[in-house]
Structures are given as C-alpha cells and as structure tokens.
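# Chains, contacts and geometry: an overview
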Amino acid sequence: MSRLVIVSNRVGPVRDSARAGGLAVAIVEALRESGGLWFGWSGEISEQGTHGPLKTETVGRIDLTTIDIDAEDYRLHYAGYTNRTLWPVFHYRLDLAEFEREWLDGYYAVNERFAARLYPLLRPDDIVWIHDYHFLPLAAQLRAMGAEQPIGFFLHIPFPVPEILTALPSHRRLVRAMLSCDLIGFQTDRDRRSFERYLLEEEEATATAGGRIRAHGRTITAAAFPVGIDAESFSRFAVSADAQRQVDRLAALLGDRLQIIGVDRLDYSKGLVERFRAYGELLENYPENRGRVSLLQIAPPSREELDAYIEIRQELERIAGNINGRYADFDWTPIRYITRGFQRRTLAGLYRASRVGLVTPLRDGMNLVAKEYVAAQDGEDPGVLVLSRFAGAAEALDGALIVNPYNVEGTAEVLQRAVQMSLTERRDRWSRLNQAVHRQDAASWRERFLTVLRNVRRE
Ligand code: ADP
C-alpha cells in the first residue's frame, strides 16, 4: 500500500488520544495502517521560520515533520489571509472580510515555502492528502515542482456559492490552484455543488457523471465526504466515571429542571448572539420556562487578537447579563456562560445531562458538537438536538429539529417544542440520529476519502 502523506496546519497529537479529537484519531489510524508522514506547522514562531530545520519525531510507523514560521508569516498568512479573508468569505461574511494585497502575497509565499520543504520528502509512490483552507494552493505548488503523486484535498469549512466567492479578489487564481488536485472533498453535497457551479459559470467547465469535472485543461473528481466523530468512543466517554460525576453534579444542581446546552469555539460563525436572544425569547414568550429551563453555554475564546472576536465576546456578556438580570431568581440562573475548555469525558457528561443540544451556527462546515451531543445521550431518556439548517450536519441528521438561527422567534418556538417533547418522540428521533452518527463516523470518512483517492484516474 502506498505511503500516506498528510498535510495540515497543525499536526497531532498522536499519542494522547484523550486530548485528540475524533478527526486527529482518524488521521493517526490511517497513517498507522499504511505508514506515513504528517507534515505541517510546528505551532512555533521563530526568526528562521520556514527556512529553519525540519523538526521530526517518529512514533511507530508515523513520521511527524513540522516547520516553524516567522512573525511576518504569522501576520500575513495566518492572522491575515486565512483568518481575516478566507474564514469570513467562506462563512458567507463578506461584511467582516478584509482584503489586503500583502496578506494575499504572504499566503501564497508561505504555501510555496511549505511546498518547497515538503517536496523533497515525497516518494514516487506516495499519496498526498492536504487539509483545509490554509493550504488551498499547495497542490499547485507541489505540481510546479514536479510532484506527480495523487493529491487529494479536503475542505473542512463550507465552500461558498459563486455569488459570494466571486467577491474575493483573485478568486480565480485560488480555484485554479485547487484544480491541481486529483480529488477534492467537501463536507456536504451543497458545498460540492457550489464548487461545481463556480467552475461551470466562471471557468467554462464541463461536468461528467460521477463527480468528475473538466476545467482549465484538467479533470478532477469532486465529492462530499461528511466528517464524523469517533462515535463509539464518544458514547463510551459518556458513561465513563468522569462523565457520571458531571451528570451527578448537574442532577444535584438542576433537580427536576431542564438544561439546554451549547458548546462552541467563540466565533462569529456560531450564531451565539442569536442563540442567546432565542433563549431570551423562550423565557419571554413561554413564561412557564422561567425557573425551569436554563442554558449552559460553553464557549472558550479563539483568535483573541481579532476585533470581531473581542466584539462578539462583549456582546454575549452583555446579553447574558441582561437576561440574567431580568429573569434570575435567588435559586436559579437562566444563563451560565463558561469560557474555558473541558476534557472530552467531562463534556460528554455535560451533554448527557442536558435535555436539549442547541447548535445554531449561521454557517458551519459540519459541526461536530451536534454529533457529539447525539452520541452522548442515554437511549432510554435521550435529549433533543436543535440544529441550524446552515450547519453541514443538517444535511445528514434526520431526526433533529431544524431551525433558521436568524429567525430568533422561530428558534424560540422550536426550543419550546424541544423542552416539551414526549419521551416516545425523543426516543424515535434520537435513534435515527444515533444511527446516522455511528454510520458516518470519523473512520468511515477517512476510509471513503482514501479509497476514492487511491483509485482516481489521473489525466
Ligand atoms: P469548529 O471546528 O468550528 O470549532 P466543530 O463543532 O466542528 O467546530 O468542532 C468543535 C470541537 O471542539 C468539538 O469536538 C468540541 O467538542 C470541541 N470543543 C468545543 N468547545 C470545547 C470546550 N469548551 N472544551 C472542550 N472541547 C471543546
């Protein structure tokens, strides 16, 4: 079997499966199977940056090889183009996107230097799997250096419709670079269709059956590979002693009250402001929930150096303060808003003790929290998943209550339905959800992608 080479922004962890999310575990499994190289950024900023020595660690059959970047690379590539240009555009937030020529140049320059460090490590019979928006042009740069190996690319975030993407200056250059891959994977068929439509409308492409697209002199395969979680482990986490301790603590705190839970990285794509407002409406419009239904929101800050993230944090604190000020009682706090991270086992217990999982991104590639919430439930007395139609997860999760997060009043109405749902309906919905979460898990995602990549016909 060919050696597998994975490229992603961050590498690992390989040994510490308690810390690794389901995706990292799935990737490590794939690398173990065929032997492999995992290449990416070390997470360090140094003076030598990408010109410094390769850092290599070998764990069994896996080589982990990373390089540093320098402060300027960090500013232009990471903090600039990926986080302030690509992230907002790909999440449909043109209002937050910033376009700076030097960021664009820095993005391509960093990709080129990564390609130059990776290329000499490649063997003729490797297959290469590149991950995510940090490395959209990497395949093209490897090809320019002479790489002929099969190259697959998987986009973890949404691929925007052409009406949005074409607002990005030099969108054409970016998409053409993607065409150097043999296989491009998306989270949902909606994303794949957006990509195909872009090529048909902007590049005079022709699409053939089986997801093959001919554009700009190349034929590639584009398909949806919905990312999953390691559902089995997560279900086990939920009945671990650690999780049970959380369930017991919460049970003592809540008594016969119900809890809605939200767990997200603090990011404007997650719809947190709308979510808090919807919960406020639930208390306002359905007063029987006052003193009875609380919201636990866990949202550790991310990308704290960016203004948009500071603003959202302040806004959330303000709204939570207002709602608590208005409705709290001496023995009941409506919103408990926590900004720290938790162990995965603890998180599993918190999900399990919550009657409603509230997942309302304004736009999300997949959203793994939705799947974790389902996997953590007790099948005898499961909770209800309330899920945004704009999460990739909504495409596959039949059984969730689907909401439009922009419609705050509508979301409150659905929340009311969720907290009142009968046990029979909860069980019925959950068993459908749980089947889907186990069927489309992290291992099947990885196997499907690699099977297609190993078999793509090169032209
Ligand atoms: P994104 O990748 O955009 O952050 P996802 O929902 O796809 O969104 O994945 C988020 C992952 O981060 C999930 O596995 C979730 O359990 C984890 N996570 C989010 N918040 C916390 C937290 N406070 N503590 C521990 N893990 C968290």
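Attention here is on the structure that accompanies the text.

How each quantity is defined
Residues numbered from 1 in each chain as written. Predicted model: local features only at pLDDT ≥ 70, side-chain atom pairs only at ≥ 80, totals over all residues. Heavy atoms only, no water. Pairing = 2+ DSSP bridges. Helix = DSSP H or I, 4+ residues; strand = E, 2+ residues; numbered from the N terminus. Axes fitted to C-alpha atoms, helices over the stretch in contact; angles between N-to-C directions. Buried < 20%, exposed > 50% of the residue type's maximum accessible area, 1.4 Å probe, protein only. Core = buried A, V, L, I, M, F, W, Y, C linked by side-chain atoms within 4.5 Å. Contact = heavy atoms within 4.5 Å. Right-handed = clockwise from strand over helix to strand, strands pointing away. Expected span 1.5 Å × (residues − 1). Bend = angle between axes of the 7 residues up to and from the residue. Polar contact = N/O pair within 3.5 Å; in protein donor to acceptor, adjacent residues only side chain to side chain.

## Section: the sheet that holds strand β11 (residues 258-263)
As summarised here, the arrangement of the 6 strands in space is β13-β12-β11-β14-β15-β16, forming an open sheet in which the pairing is parallel. Two strands bound the open sheet, and with one partner strand each, they are β13 (335-338) and β16 (401-403). Averaged over neighbouring strand pairs, the angle between their axes works out to 20° when direction is ignored. Judged from the 6 bridges that link them, β11 and strand β12 (residues 293-298) form a sheet pairing that is parallel. Paired with L258 across the strands is V293, a residue of β12.

## Concerning the pairing of strand β14 (residues 356-359)
Here β14 shows two buried faces, one formed by V356 and L358 and the other by G357 and V359. Here 2 bridges tie β11 to β14, and the two strands are oriented parallel to one another. Within β14, the residue paired with I261 across the bridge is G357. Pairing between β14 and strand β15 (residues 384-388): 4 bridges, direction parallel. Residue pairing across strands places V356 opposite V384, the latter belonging to β15.

## Some remarks on the nonpolar core
Counting 90 residues, the largest nonpolar core has F90, I130, L136 and F195 as its most contacted members. With 8 residues, helix α3 (residues 101-118) is the single largest residue contributor to this core. Those residues in contact with I130 that lie beyond four places of it in its chain are V7, F135, L138, A139, L142, I151, G152, F153 and F154. Counting 33 residues, the second largest nonpolar core, distinct from the first, contains L250, V263, L296 and W430.

## Things to note about the pairing of strand β5 (residues 127-131)
In terms of burial, β5 is largely enclosed, as 5 of its 5 residues are buried. Inspection of the sheet shows strand β1 (residues 4-10) paired to β5 by 4 bridges, in the parallel sense. Of the residues in β5, the one forming a bridge with V7 is I130. Relative to strand β6 (residues 151-154), β5 runs parallel, the two being bridged by 4 bridges. If you follow H131 over to β6, its bridge partner there is F154. Handedness of the crossover is the feature at issue here: the chain leaves β5, passes through helix α4 (residues 138-145), returns alongside β6, and the resulting connection is right-handed.

## Notes on helix α2 (residues 71-90)
The end-to-end C-alpha distance of α2 is 25 Å, clearly below the 28 Å that 20 residues give at a rise of 1.5 Å each. Where α2 bends most, at Y81, the angle is about 40°. Most of α2 sits out of view: 15 of its 20 residues are buried. Sitting at the head of α2, D70 places a side-chain oxygen 3.1 Å from the backbone nitrogen of E72. Within two residues after α2, Y92 carries a phi angle of roughly 65°, on the positive side.

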